[in-house]
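Letter by letter, the chains look like this.
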Amino acid sequence: MKISSILTVLALLATATCQEPAKPSQPVIRVLRCGALIHPANGQVQHNVLITVEGDRIRDVRENAGASSAGQVIDLSDHTCLPGLIDAHTHVLLQGDITAADYDEQLLKQSVAYRTILATRSVKRALEYGFTTIRDLETEGAGYADVDLKRAINRGIIPGPRMQVATRAMDVTGAYPLLGYAPEVPVPHGVQVVDGPDGGRKAVREQISYGADWIKVYSDRSYFLRQDGVLDDVPTFTLDELRAIVDETHRQRHKIASHAIALNGVHNSVEAGVDSIEHGNYIADADLKAMAQKGIYYVPTLYVGEYVAQGRAAAGARVWMDMIKIHGETFHRAVNAGVKIAFGTDVGGFDWGIDPAIEFPLMVKYGMTPAQAIRSATTTAAELLGMQNDLGSIAAGKFADIVAVKGDPLNDIGLLQQIDFVMKGGEVYKQTR
Ligand SMILES: [Zn+2]
């Protein structure tokens, strides 16, 4: 028998013996009874609500409803329900990097395979914290492993949130760790090293071909506080390089996020027309105005700065302590300037054992109402991801991504760190009694 014939027979045998049970023709109906339901878009609250879920979508939402006629009822009558949360800035392949040594250790001593195993735990944690969707903003030296994690989640192999991924990210020669090793020792880098407009276009094409949803660039480094209180930096890419990368990304109908912490990095990114500014510890008023006009999102990541500041200051970079204060002031100015602010935390830059919802109280501390903070992690983040028709609110036709918490997060935003019910696509992933 020819090899090809043997393979055909084996394939037939495999289908005959391992066939999955036939899918039921009717999708599963589940009914949630919520004591209260928050609509983030307008901040309104409904009471005694029945949410009917059919398959992975919401079929209808009824207030002051009586008994349900159909389906399995999940009793959340002592809970407040809200749409599944969205963290628009995560690193599932990173496990905390306060100092350069922490970072180098992960890239030098852990294989990508091992890091991916750790990441399966990160995505499970994200989901259990109530984040049913994440935008993972680069793998920090783990190549395209985020594309595989996303695929495994979508195929139901491992539990995790919906993902949009950025794969490798880009920075220029000499700007991104690992740095400081002898020139004759080849070391890995946490990004794809890219120089020149043509190099940028080629990297965009390559990353998209391997599954990148987003392109990410690092636009600045080496931060220092000027006497006039402005946080200055060394820009990485030239404006020409950034413009080429942005153009190539948009030409292929993808979006681009820019890590930009200070004056020039933010300004160049806004000039080049990126879709989101990440971190933005300092943003000049003129750039905030331009962001509001152009519809560029601000993803502030307030908590991670506090988390890493002590360690980095102890290692000699005292500027990180000043950056916390400047960040809070910038956030306040951005709220007042009407910039679209999407929730993002940089978790992975801090330990995955910490619930990223710790970001919410800081957003309220620096000028948002609790309703605005919830909107940033639902409707606004869904728009940033271009998924506003599927995510970000609890309404007929949307994905059944629903979380619930005891008490009222509009009164106490800190409660979002105690999510005890999580549904994603109609499946229950967490239910604490
Ligand atoms: Zn980050």
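Further up the page is the structure itself.
Caption draft 1: The arrangement of the coordination of the zinc ion in detail. Those donors, His89 (NE2), His91 (NE2) and Asp346 (OD), are the protein atoms that reach the zinc ion, and they lie 2.1 Å from it. Mapped onto the sequence, the donors of the zinc ion take the spacing H-x1-H-x254-D.

Caption draft 2: Structural context of a nonpolar patch on the surface. Residues Leu108, Tyr181 and Val185 make up a contiguous nonpolar surface patch of about 250 Å² in total accessible area. Structurally, leucine 108 can be placed in helix H2 (residues 100-109).

Caption draft 3: Highlighting the environment of serine 219. With respect to the helices and strands, the residue serine 219 is situated in the loop between strand S10 (214-218) and strand S11 (220-225). The class of serine 219 is buried, set by a relative accessible area of 2%. Taking the C-alpha atoms as reference, serine 219 lies 26 Å from phenylalanine 360; in sequence the two are 141 residues apart. With sequence-adjacent residues up to four places away left out, serine 219 is seen in contact with Val234, Pro235, Thr236, Leu242, Ser258, His259, Ala260, Gly265 and Ser269.

Caption draft 4: Local environment of the side chain of aspartate 420. In this structure, aspartate 420 sits in the loop between strand S16 (402-406) and strand S17 (421-424). There is no salt bridge for the buried aspartate 420, and the closest opposite charge comes from lysine 406, which lies 5.0 Å off by N-O distance. Reaching out from aspartate 420, the side chain makes a polar contact with the side chain of histidine 79 at a distance of 2.8 Å. Leave out the neighbours within four places in its chain, and aspartate 420 touches His79, Ala404, Val405, Lys430, Gln431 and Thr432.

Caption draft 5: View of the sheet that holds S16. One open sheet accounts for 7 strands, arranged S3-S2-S1-S4-S16-S17-S18; its pairing is mixed. Strands with a single pairing partner mark the edges of an open sheet, and in this sheet they are strand S3 (57-63) and strand S18 (427-431). When strand polarity is set aside, the average angle formed by the axes of neighbouring strands in this sheet is 30°. Sheet topology note: the strand S1 (residues 29-39)/strand S2 (residues 44-54) ladder contains 10 bridges and is antiparallel. Opposite cysteine 34, over in S2, you have valine 49 as the bridge partner.

Caption draft 6: Up close: the sheet that holds strand S5 (residues 85-90). Taken in spatial order, the 3 strands make up an open sheet running S5-S6-S7, and their pairing is parallel. Because the sheet does not close on itself, it has two edges, and the strands there are S5 and strand S7 (162-165). Sheet twist, expressed as the average angle between the axes of neighbouring strands with direction ignored, equals 15°. Where helix H4 (residues 145-154) meets the sheet, it contacts strand S6 (131-136) and S7, and its direction lies at approximately 160° from that of S7.

Caption draft 7: Broad picture of the pairing of S11. Strand direction decides the pairing type here: S11 and strand S12 (residues 231-235), joined by 4 bridges, are antiparallel. Bridge pairing in S12 links aspartate 220 to proline 235. Here S11 folds back onto S12 in antiparallel fashion, the turn holding 5 residues, of which glycine 229 has a positive phi close to 90°.

Caption draft 8: Structural detail: the pairing of S5. Extensive coverage of S5 is indicated by the burial of 6 of its 6 residues. Sheet topology note: the S5/S6 ladder contains 4 bridges and is parallel. Residue pairing in the sheet places isoleucine 86 in a bridge with threonine 133 of S6.

Caption draft 9: Structural context of the nonpolar core. Val92, Met170, Leu231, Met291, Phe331 and Phe360 are the most contacted members of the largest nonpolar core, which has 91 residues in total. The leading source of residues in this core is helix H10 (residues 319-337), at 7 residues. When residues no more than four places from it in sequence are discounted, the contact partners of leucine 231 are Tyr223, Phe224, Leu225, Ile261, Ala262, Leu263, Asn281, Tyr282, Val319, Met323 and Ile326.

Caption draft 10: Main features of the packing of helix H6 (residues 239-251) against helix H7 (residues 263-272). Between H6 and H7, the shortest axis-to-axis distance is 9 Å and the interhelical angle comes to 45°. Compared by their axis directions, H6 and H7 come out oblique. Where H6 crosses over H7, the two elements pack in a sense that is right-handed. Facing Leu239, Leu242, Arg243 and Val246 of H6, the residues of H7 in contact are Asn268, Ser269, Glu271 and Ala272. Looking at side-chain class alone, the contact of H6 with H7 contains 4 nonpolar, 2 polar and 2 charged residues.

Caption draft 11: Up close: the state of the cysteines. Applying the stated rule across the entire model yields 1 disulfide. In this model, cysteine 34 is linked to cysteine 81 through a disulfide, with the two sulfur atoms separated by 2.1 Å. Across the S-S bond of cysteine 34 and cysteine 81 the torsion is about -85°, and the bridge reads as left-handed. Placement of the pair is cysteine 34 in strand S1 and cysteine 81 in strand S4 (residues 72-83), with a sequence separation of 47 residues.

Caption draft 12: Expanded view of helix H8 (residues 285-294). Burial in H8 covers these residues: Asp287, Leu288, Ala290 and Met291. All buried residues of H8 lie within an arc of 160° about the axis, which places them on one face of the element. Away from its buried face, by an angle of more than 90 degrees, H8 presents the exposed residues Asp285, Ala286, Lys289 and Gln293. Next to the buried residues of H8 lie H7, strand S14 (276-279), strand S15 (297-299) and H10. Where H8 ends, the next residue or the one after it, glycine 295, has phi of about 75°, a positive value.

Definitions and cut-offs
Residues numbered from 1 in each chain as written. Predicted model: local features only at pLDDT ≥ 70, side-chain atom pairs only at ≥ 80, totals over all residues. Heavy atoms only, no water. Donors = N, O, S within 2.8 Å, 3.2 Å for Na, K, Ca; no water. Patch = residues over 30% accessible without salt bridge, like charges linked within 9 Å, V, L, I, M, F, W, Y side chains within 5 Å. Areas by Shrake-Rupley, 256 points an atom, 1.4 Å probe, with all protein chains shown as cover. Salt bridge = Lys/Arg side-chain N within 4 Å of Asp/Glu carboxyl O. Helix = DSSP H or I, 4+ residues; strand = E, 2+ residues; numbered from the N terminus. Buried < 20%, exposed > 50% of the residue type's maximum accessible area, 1.4 Å probe, protein only. Contact = heavy atoms within 4.5 Å. Lys, Arg positive; Asp, Glu negative; His and termini not counted. Polar contact = N/O pair within 3.5 Å; in protein donor to acceptor, adjacent residues only side chain to side chain. Pairing = 2+ DSSP bridges. Axes fitted to C-alpha atoms, helices over the stretch in contact; angles between N-to-C directions. Core = buried A, V, L, I, M, F, W, Y, C linked by side-chain atoms within 4.5 Å. Parallel < 35°, antiparallel > 145°, perpendicular 65-115°, else oblique. Left-handed = near helix turned anticlockwise from the far one by under 90°. Nonpolar A, V, L, I, M, F, W, Y, C, P; charged D, E, K, R; others polar. Disulfide = S-S within 2.5 Å. Arc of directions from axis to C-beta.

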